[in-house]
Amino acid sequence: MPHPFVTAPTTLDLDFVRSHFPALDQGWTFFDNAGGSQILRPVVERITEFLYHSNVQLGASYEVSQVASDRVNQGTAAIAQLINAPEPDTVVLGPSASALFRMLAHCLGQTLQPGDEIIVTNSDHEANITPWMELQRQGIIVKIWPVDAASLELRLADLTALLTPRTRLVAVTHTSNVLGTINPIRAIADCVHAHGALICVDGVAFAPHRQVDVQALDVDFYAFSLYKVYGPHLAMLYGKREHLLALPSYNHFFIEPTAIPYKFQPGGTSYELSYGLTAIPEYLQAIARHHAQEAIPQTPFAQMQQAFDLIQQHEAALSDRLLSFLRAKSNVRIIGCPEADATRRVPTISFVVDGIASDTLPPRLDPHQIGIRYGHFYALRLIEDLGLMPQNGVVRVSMVHYNTLEECDRLIALLDDLF
């Protein structure tokens, strides 16, 4: 809900938003944002600034090295602010969410014993499944929490039936990158913690659309890709301090076990990309300031919540436009929630068309400079369980807040001619 002391307009100012993304000026409509969003101009400017004026090794005594160190630290602090992490050093930066989940599984796996249990879902991106499945080699038992066949949602009762005193971890997605479904992470976390286990959340498909508050969610680990949240090709992993300190190091043997996050970053993180991250929360705060007609929220986090309120409202309109069209087609099956309910889904919309292979549709939009995609999107287990691989997976249209209703209408007009 919008903050009561802020009077916000009813619509997001798309001209203001799109002015921050130079790639949107080249004539293409980008509807493959779940694979990677366009990048903010200020992010690129910060990256360039770092490379031109502070591209040295960190931690030395001379002035330029001190500047470089401070800039990298600013990047980590910016992401901690973005997700409401209690301290910046509880945020680990890495090359991708997939790499960070693998690192976490490697470290956490060393603390487990044969017979310990881990629960994964069949609706996650493989990044949050395979690393945990591989621990079966050391005697860990991995159980599958499947989506309900009718609703395509994860039911808490099904999780409860899988939990035992030997459960050590539940790995779950905040939002399916195929279904677009938002899972009730706080309720899941409470259930998991009541059974003495930890929760590891993949927030990749959620973070571009909604504000992440790791403290309110009470998650033990939470990761997402920053290049899908308007930034550079980096990712972040949050962990509660006590867990990060207790985990064995992923770095050289002489790195102190208390040296978080560095003990999980062999070779460190990308310096210039880290500095570029500082522009992401600034952009969200700028949205709040631009749209405020009275006093804006006092804290940066509250300002970002105001921005995400506007983003959610606009994205719901995008979802409604496309879903209404798809629902009207008797030969189309929407894979996920068919309604544009912003409490249940994000504008990542997947569908299949009777008698048409999914791989044949996106190429027919290419000449019109509209980018969508087909496939399993690394959620292969879900696509197989739904029996959709013979059709070459699903067609996916993944929108974000810089997309317009006019772009959506142009896509609909073209799809209307194809099926």
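Residues numbered from 1 in each chain as written. Predicted model: local features only at pLDDT ≥ 70, side-chain atom pairs only at ≥ 80, totals over all residues. Heavy atoms only, no water.

Going by what an unreviewed UniProt entry lists, the chain is known as Cysteine desulfurase-like protein and is assigned to Leptolyngbya iicbica LK.

### Things to note about unusual backbone geometry
Applicable threshold: Secondary structure follows DSSP: runs of H or I at least 4 residues long count as helices, runs of E at least 2 residues long count as strands, and numbering of each begins at the N terminus. The buried label goes to any residue with under 20% of its type's maximum accessible area, the exposed label to any with over 50%, and the partly exposed label to all in between, with areas taken from a 1.4 Å probe on protein chains only.
At the junction of I260 and P261, the peptide bond is cis and its omega measures out at 5° in the coordinates. Tracing the chain through its elements places P261 in the loop between α9 (241-246) and α10 (271-276). Of note, the phi angle at Y378 is positive, near 60°, even though the residue is not glycine. Considering the arrangement of structural elements, one finds Y378 in the loop between β12 (373-375) and α14 (380-385). A relative accessible area of 56% places Y378 in the exposed class. Backbone geometry at N392 places phi at a positive 65°, although glycine is not the residue there. Position of N392 relative to the elements: it lies in the loop between α14 and β13 (394-398).

### Let's talk about the sheet that holds β13
Let me state the cut-off plainly: For two strands to count as paired, DSSP must find a minimum of two bridges between them. Between the N-to-C directions of two axes lies an angle of 0 to 180 degrees, each axis being a line fitted to C-alpha atoms and, for a helix, fitted only over the stretch in contact. For this analysis, residues touch if any pair of their heavy atoms sits within 4.5 Å.
Ordered in space as β9-β10-β13-β12, the four strands form an open sheet in which the pairing is antiparallel. For this open sheet the edge positions go to β9 (332-334) and β12, each flanked by a neighbour on one side alone. Strand-to-strand, the axes of this sheet are offset by a mean angle of 35°, without reference to chain direction. In terms of strand pairing, β9 meets strand β10 (residues 348-353) through three bridges, oriented antiparallel. When the sheet's bridge partners are listed, I334 is paired in β10 with F351. Of the strands in this sheet, β9, β10 and β13 are in contact with helix α12 (residues 300-327), which crosses β10 at around 15°.

### Remarks on the packing of helix α2 (residues 41-53) against helix α3 (residues 63-83)
The test is simple: Roughly parallel refers to an angle under 35 degrees, roughly antiparallel to one over 145, roughly perpendicular to one between 65 and 115, and oblique to any angle outside these ranges. In a left-handed crossing the near helix is turned counterclockwise from the far helix by less than a right angle, and in a right-handed crossing that turn is clockwise. Amino acid classes used here: Ala, Val, Leu, Ile, Met, Phe, Trp, Tyr, Cys and Pro are nonpolar; Asp, Glu, Lys and Arg are charged; the rest, including Gly, are polar.
In contact at an axis separation of 11 Å, α2 and α3 are set at 160° when each is read in the N-to-C sense. Taken together, the axes of α2 and α3 are roughly antiparallel relative to one another. In terms of crossing hand, the pair formed by α2 and α3 is left-handed. Between α2 and α3, the contacting residues are E49, F50 and H53 on the first element and V64, A68, R71 and V72 on the second. Split by residue class, the contact of α2 with α3 holds four nonpolar, one polar and two charged.

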